[in-house]
Structures are given as structure tokens and as C-alpha cells.
Amino acid sequence: MTNSQMKDIMSKIQMGALSRRGVLAGGAATAAMTSAPGAIAQAATSAPTASAQPAPTMPVSFEVNGKREELTLDTRTTLLDALREHLHLTGTKKGCDHGQCGACTVMVNGVRINSCLSLAVQHQGDKVTTIEGLGTPDKLHPMQAAFVKHDGYQCGYCTPGQICSAVAVLDEIKRGVPSHVQADVSARPQVTNMELRERMSGNICRCGAYSNIAEAMEEVAGVRA
Ligand code: FES
Ligand code: FES
């Protein structure tokens with residue numbers, strides 16, 4: 001790309017005639033981006049914003065830990081960000097933000113989900129339970145108490161997600177939801193160590209508290225003292 005072609009693209013960006021998306025979409029412009037990323041980035045950030053479209057917003061109403069919440073959100077807001085940034089429920093953690101670690105696990109209508117993979121506006125009328133809704137420091141949920149007793153955490157970053165997942169797992173087993181480690185998926189699932197480990201495999205713990213987490217769950221399920 002010649003200097004004059006580059007200048008032409010940059011002046012179009014500055015005049016608002018070409019969006020950053022337009023630059024990225026164009027093959028020639030992409031080559032320019034590769035050859036002079038600093039110049040393009042500077043031009044893009046100094047471009048006038050008057051012509052920029054406002055982000056679309058939408059009202060959403062759901063229940064969080066038994067309390068009705070009404071929010072108007074950018075439609076791209078994840079449930080995780082709605083909880084943490086808008087409702088200030090920071091117990092739910094952001095680990096990978098890509099559905100890979102389970103730190104953001106919450107329960108929606110009793111079923112566990114990765115809240116980083118779900119848009120908040122999809123949850124109109126839903127009942128969301130976060131770690132703050134399970135117990136309090138004075139009155140721990142049985143799963144929270146069992147995690148303390150069995151040393152089911154070290155740094156604690158993954159723990160809110162682990163506990164929400166663990167509560168939902170025991171409910172899944174009770175409801176007869178099968179897992180991959182069942183030899184016979186039509187049989188009623190049992191609370192075994194392997195069963196719990198399989199079902200908790202989406203919750204990653206960098207501190208490696210896995211065996212203690214499984215023990216805590218077994219106690220709550222009544223198969224271990
Ligand atoms: S933050 Fe959602 S799965 Fe990692
Ligand atoms: S307790 Fe540290 S990541 Fe799980």
C-alpha cells in the first residue's frame with residue numbers, strides 16, 4: 001500500500017466516512033493495519049463520535065436471590081456482567097469469560113449455567129441464584145459448611161462457582177439426570193465419587209482442591225460422614 005492510499009483511508013476515518021469495522025473488513029485496509037497499526041489505531045480513536053450509533057439497550061426484569069431486579073442493559077451484556085457490574089453481586093467470579101472455567105456458575109430456575117455465556121436480556125422473568133443467595137456468613141448453606149469442614153478451597157476464587165455447581169449437581173442426581181460416566185444412562189444415577197467428579201468437571205480449580213470438594217459433596221448427599 002502506498003503512502004497516499006494510507007492517507008486516503010486515514011482521512012476517511014477522521015471524517016467519519018469509514019468506520020473502524022469498515023477498515024477491518026477491507027482487505028487492503030487490513031494490510032494497512034498490519035503495516036501501521038499504531039497510525040490506524042490513533043486515527044480511529046480520534047475519529048468523531050457524533051455519527052456513531054448508540055449501543056442498543058433493552059429493559060429486563062428478573063429475580064436475583066429472591067429480589068425482583070429491573071435493569072435497562074446494553075443487549076450485549078452478559079448475565080455475569082449484569083450481576084457483577086450492575087447489581088454489584090461480586091460473589092460470582094469472572095475467570096476465563098469464555099465458558100471454560102466454571103467460576104461464573106450460577107443457578108437459573110434451579111439449573112446451573114455459566115453466566116459468562118448467557119446474555120442478561122435472555123433471562124426475562126427468570127429466577128437467578130448466586131452464591132450470595134445460598135447462605136450468609138452467620139447461616140451457611142449446608143454445602144458451604146461442608147466446603148469449610150472438608151477444606152474444599154484454598155485461594156477461594158473458584159469456590160462460589162464450585163458451590164453453586166455442587167448444589168445443582170446433587171439436585172441433578174436427585175432428578176435422575178444422567179451423566180457421561182453412567183454405564184446405563186437409563187438407570188437412576190447414584191452419588192459416587194466418580195459421578196461427582198464427572199459432573200463437576202466443568203469447574204476448574206487452579207489450587208487443586210478437587211478431592212476435598214468431592215468429599216464435601218458426598219457429605220451433603222449423605223454418603224459420607
Ligand atoms: S468465567 Fe465463565 S466459564 Fe470461566
Ligand atoms: S480454591 Fe483456588 S482456584 Fe480453586
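Given the structure is predicted, the values throughout are model-derived calculations rather than measurements. (Residues numbered from 1 in each chain as written. Chains lettered and ligands numbered in written order. Predicted model: local features only at pLDDT ≥ 70, side-chain atom pairs only at ≥ 80, totals over all residues. Heavy atoms only, no water.)

A short note on the overall build of the protein chain
Turning to step 1, where the next piece is worked out: Check the secondary structure of the protein chain and you find nine helices and five strands.
Turning to step 2, where the next piece is worked out: Counting from the amino terminus, the protein chain carries its helices and strands in the arrangement α-α-α-α-β-β-α-β-β-β-α-α-α-α.
Turning to step 3, where the next piece is worked out: By residue count, 39% of the 225 residues in the protein chain fall in the buried class.
Turning to step 4, where the next piece is worked out: Restricting to contacts in the protein chain with at least 6 residues of sequence separation, those with at least 24 account for 54%. (Helix = DSSP H or I, 4+ residues; strand = E, 2+ residues; numbered from the N terminus. Buried < 20%, exposed > 50% of the residue type's maximum accessible area, 1.4 Å probe, protein only. Contact = heavy atoms within 4.5 Å.)

Quick notes on the packing of helix 6 (residues 142-149) against helix 9 (residues 210-221)
Turning to step 1, where the next piece is worked out: Put simply, helix 6 and helix 9 touch, their axes get as near as 8 Å, and they point 135° apart. On the basis of their axis angle, the class for helix 6 and helix 9 is oblique. By crossing handedness, the relation of helix 6 to helix 9 is classed as right-handed. Across the interface between the two elements, Pro 142, Met 143, Ala 146, Phe 147 and Lys 149 from helix 6 touch Ile 213, Ala 216, Met 217, Glu 219 and Val 220 from helix 9.
Turning to step 2, where the next piece is worked out: Residues that form the contact of helix 6 with helix 9 fall into these classes: eight nonpolar, no polar and two charged. (Axes fitted to C-alpha atoms, helices over the stretch in contact; angles between N-to-C directions. Parallel < 35°, antiparallel > 145°, perpendicular 65-115°, else oblique. Left-handed = near helix turned anticlockwise from the far one by under 90°. Nonpolar A, V, L, I, M, F, W, Y, C, P; charged D, E, K, R; others polar.)

Focus on helix 6
Turning to step 1, where the next piece is worked out: Looking only at helix 6, the buried set comprises Met 143, Gln 144, Ala 146 and Phe 147. Down the axis of helix 6, the smallest arc covering the buried residues is 165°, so these residues share one side. When the buried face of helix 6 is taken as reference, the exposed residues oriented beyond 90 degrees from it are Pro 142 and Lys 149.
Turning to step 2, where the next piece is worked out: Asp 151, located one to two residues past helix 6, shows a positive phi value of around 60°. (Arc of directions from axis to C-beta.)

Focus on the pattern of salt bridges
Turning to step 1, where the next piece is worked out: Summed over all chains, the structure comprises eleven salt bridges.
Turning to step 2, where the next piece is worked out: Glu 218 is the partner of Arg 224 in a salt bridge, and the nearest nitrogen-oxygen pair spans 2.9 Å. (Salt bridge = Lys/Arg side-chain N within 4 Å of Asp/Glu carboxyl O.)

Overview of the side chain of Asp 126
Turning to step 1, where the next piece is worked out: Positionally, Asp 126 belongs in the loop between strand 4 (111-114) and strand 5 (127-129).
Turning to step 2, where the next piece is worked out: Buried charged residue Asp 126 carries no salt bridge. Nearest counter-charge: Arg 68, at 8.7 Å.
Turning to step 3, where the next piece is worked out: One polar contact links Asp 126 to Asn 109, side chain to side chain, over a distance of 3.1 Å.
Turning to step 4, where the next piece is worked out: Asp 126 has contacts with Phe 62, Glu 63, Val 108 and Asn 109, leaving out every residue within four places of it along the chain. (Lys, Arg positive; Asp, Glu negative; His and termini not counted. Polar contact = N/O pair within 3.5 Å; in protein donor to acceptor, adjacent residues only side chain to side chain.)

As for the side chain of Ser 115
Turning to step 1, where the next piece is worked out: Along the chain, the position of Ser 115 falls in the loop between strand 4 and strand 5.
Turning to step 2, where the next piece is worked out: On the accessibility criterion, Ser 115 (0% relative accessible area) is buried.
Turning to step 3, where the next piece is worked out: Not counting residues up to four positions away in its chain, the partners in contact with Ser 115 are Thr 78, Leu 79, Leu 80, Thr 92, Cys 104 and Val 106.

Let's talk about the pairing of strand 4
Looking along a regular strand, one sees side chains alternate from face to face of the sheet.
Turning to step 1, where the next piece is worked out: With four bridges connecting them, strand 3 (residues 105-108) and strand 4 associate as antiparallel partners. Residue Thr 105 lies in a different strand from strand 4, and its bridge partner there is Asn 114.
Turning to step 2, where the next piece is worked out: Here strand 3 hands over to strand 4 after two residues, with Asn 109 in that stretch at a positive phi of 50°. (Pairing = 2+ DSSP bridges.)

Here we look at the pairing of strand 1 (residues 57-64)
Turning to step 1, where the next piece is worked out: With eight bridges connecting them, strand 1 and strand 2 (residues 67-74) associate as antiparallel partners. If you follow Ser 61 over to strand 2, its bridge partner there is Glu 70.
Turning to step 2, where the next piece is worked out: Turn length for the strand 1-strand 2 hairpin, with the two strands adjacent in sequence and antiparallel, is two residues, and the turn residue Asn 65 shows positive phi of about 55°.
Turning to step 3, where the next piece is worked out: Where strand 1 lies against strand 5, two bridges are found, and the strand directions are parallel. Bridged to Val 64 within strand 5 is Val 128.

In short, geometric facts, not functional conclusions.
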